[in-house]
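A structural walkthrough
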Amino acid sequence: MIQVENLVKRYGDHVAVDAISFAVEPGRIYGFVGPNGAGKSTTMNVMTGYIAASSGTVMIDGHDMLKEPLAAKACIGYLPEIPPLYTGMTVQEYLMFAAELKHVPKKDRKGHVEEVRERTGLQDVGDRLIRNLSKGYKQRVGLAQALLGDPKVLILDEPMVGLDPKQIIEMRELIRHLAGKHTVILSSHILSEISAVCDHIMIISKGRLVADGSPRELEEMMQGKAKLEVTVLAEQEQVQAVLTQMKEVESFTAESGKEDGSILLRITAKGNIDIRKELSVALASAGLPILSMRQSEKSLEDIFLELTGKADESEEAADDDSNL
């Protein structure tokens, strides 16, 4: 559905998007996530044809955005971070106007607007002025205008920014229901918003694509060795004697625990395996009571911070090299 190859966008000496490439399959929900200033909005603006790329190609349903801009743009419904609303109009007036701009046939226009209002939960506010709507309803109106013309692709830039928790949940549900009929790409700097609704996540930092995959794939990719944190009543010599005899243990550290007479163990297992059962048996056999045991796992937030931190370090290293 969408193919982006070596996309670059420069503003003078500043590289906002740095040779990004990715493909988007039809009928799924994709998320761009990254810190503020990472290049998410710039990438989306290039994909919609709002701004031109410095180099690279964007193909939308087989149409080159540079060579066939009208055909490519006709496939896209776009909701920018600040919805393009005429607040002096009613919801119905605005959507009828937007449908006309999108060349929806006049005979179909009213029925199409009614259908879109129903899909976005705007049935009861058609006669209200947009300026009098809540932030959440204004976002719904912006989403409705993006849906007009029944585009194959929806590109939503920070669709949940400024919404309260209830409105965020409602917007998530709206977006989930769009998948299948539409291919959806949305951006956010808040990973929890992306992981809650998206099938596939692309993490961007400093204009570069640093990782992409499903939420589960990203977790597995970054999980690394299986680690345990165990608090046990014992002397350090006792736990060392047990752990050095366990072939499943790759390495461990031991330090004083918070409770009197306790030891806090941080254990790394070989081959990313779960050794909780074997460890419990070994410690119990040695007469060492276990007070707590926790398997350490990285959340998507941990992965995000690690990947974007690595991108920052790489950028700083490149700057240092250039100064040599």
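Per chain, residues are indexed from 1 in the order of the written sequence. Residues qualify for local features only when their pLDDT is at least 70, as the model is predicted, and side-chain atom pairs are given and counted only at 80 or more; totals for whole chains, interfaces and linings, by contrast, use all residues. Water and hydrogen atoms were dropped before computing side-chain values, which therefore reflect all heavy atoms in the structure.

Let us now look at the environment of L283. Tracing the backbone shows L283 in helix α10 (residues 276-285). Under the scheme applied here, a residue whose accessible area is under 20% of the maximum for its type counts as buried, over 50% as exposed, and between as partly exposed, the area being computed with a 1.4 Å probe on protein chains only. Exposure remark for L283: the relative accessible area of 0% places this residue in the buried category. When the C-alpha positions of L283 and L243 are compared, they lie 8.7 Å apart, and in sequence the two are 40 residues distant. Residue contacts follow a heavy-atom distance rule, with two residues in contact if any of their heavy atoms lie within 4.5 Å. Excluding anything up to four places from it in sequence, L283 contacts V230, V242, L288 and I290. A run of H or I in DSSP becomes a helix once it reaches four residues, and a run of E becomes a strand once it reaches two; helices and strands are each numbered from the N terminus.

Here a cavity means grid points, on a 1 Å grid over the protein atoms only, where a 1.4 Å probe fits yet cannot get out; a pocket means an open set of points with protein on both sides within 12 Å along at least five of seven lines; lining residues are those with an atom within 4 Å of a point. Grid points are joined across faces, edges and corners, and a volume is the space filled by probe spheres set on the points. Taken as a whole, the largest pocket encloses approximately 510 Å³ of empty space. Forming the boundary of the largest pocket are 17 residues, of which K73, I76, Y78, K102 and Q145 lie nearest the centre. Counting residues per element, the ones that place at least two in the lining of the largest pocket are α2 (69-73), β6 (76-79) and α3 (91-101). With four residues, the single largest contributor to the lining of the largest pocket is α3. Note on residue categories: nonpolar means Ala, Val, Leu, Ile, Met, Phe, Trp, Tyr, Cys or Pro, charged means Asp, Glu, Lys or Arg, and polar means any other residue, Gly included. Here the residues of the lining of the largest pocket sort into twelve nonpolar, three polar and two charged.

Below, the discussion takes up helix α9 (residues 236-243). Buried within α9 we find V239, V242 and L243. Looking straight down α9, one finds its buried side chains confined to an arc of 90°; they lie on one side. Lining the buried residues of α9 we find β11 (227-233), β12 (249-256), β13 (262-269) and α10. The directions from the helix axis to the C-beta atoms are what the arc is built from.

Time to look at the packing of aromatic side chains. Pairing of aromatic rings covers Phe, Tyr and Trp, the last counted by its six-membered ring, and requires centre-to-centre distances within 6.5 Å; plane angles under 30 degrees mean stacked, over 60 mean edge-to-face, and any other angle means tilted. A complete count under the given rule lists three aromatic pairs for this structure. Between the aromatic rings of F22 and F32, the centroid separation amounts to 5.4 Å while the plane-to-plane angle is 75°, which identifies the pairing as edge-to-face. Note that F22 is positioned in strand β2 (residues 14-24) and F32 in strand β3 (residues 29-33), a separation of ten residues in sequence. The residues F22 and F32 share a single accessibility class, namely buried. Taken together, a centroid distance of 6.3 Å and an interplanar angle of 50° make the contact between Y86 and Y94 tilted. Assessed through its relative accessible area of 46%, Y86 is described here as partly exposed.

For salt bridges, the criterion is a side-chain nitrogen of Lys or Arg within 4 Å of an Asp or Glu carboxyl oxygen. Summed over the entire model, instances satisfying the criterion amount to 15 salt bridges. Where K247 meets E248, a salt bridge forms, and the shortest distance between an N and an O atom there is 3.7 Å. Looking at K247, the relative accessible area reads 66%, which means it is exposed. Look at the salt bridges and you will find they share partners, linking E229, E255, R266 and R294 into a network.

Attention now goes to the sheet that holds strand β9 (residues 200-205). Here, any two strands with at least 2 DSSP bridges between them count as paired. Across the sheet, six strands lie side by side as β6-β7-β8-β3-β9-β10; this open sheet has mixed pairing. The open sheet has two edge strands, β6 and β10 (208-213), and neither has a second partner. Strand after strand, the sheet turns through a mean of 15° between neighbouring axes, direction not considered. Sheet topology note: the β3/strand β8 (residues 183-188) ladder contains five bridges and is parallel. The partner of V33 across the bridge, within β8, is S188. For helices, the fitted axis covers only the stretch in contact; all axes are lines through C-alpha atoms, and the angles between them, taken along N-to-C directions, range from 0 to 180 degrees. Sheet strands touched by helix α1 (residues 40-47): β3, β6, β7 (153-157) and β8. Its angle to β8, the strand with the most contacts, is close to 150°. This element, helix α6 (residues 165-178), spans β3, β7 and β8 of the sheet and lies at about 150° to β8.

Structural measurements only, silent on function.
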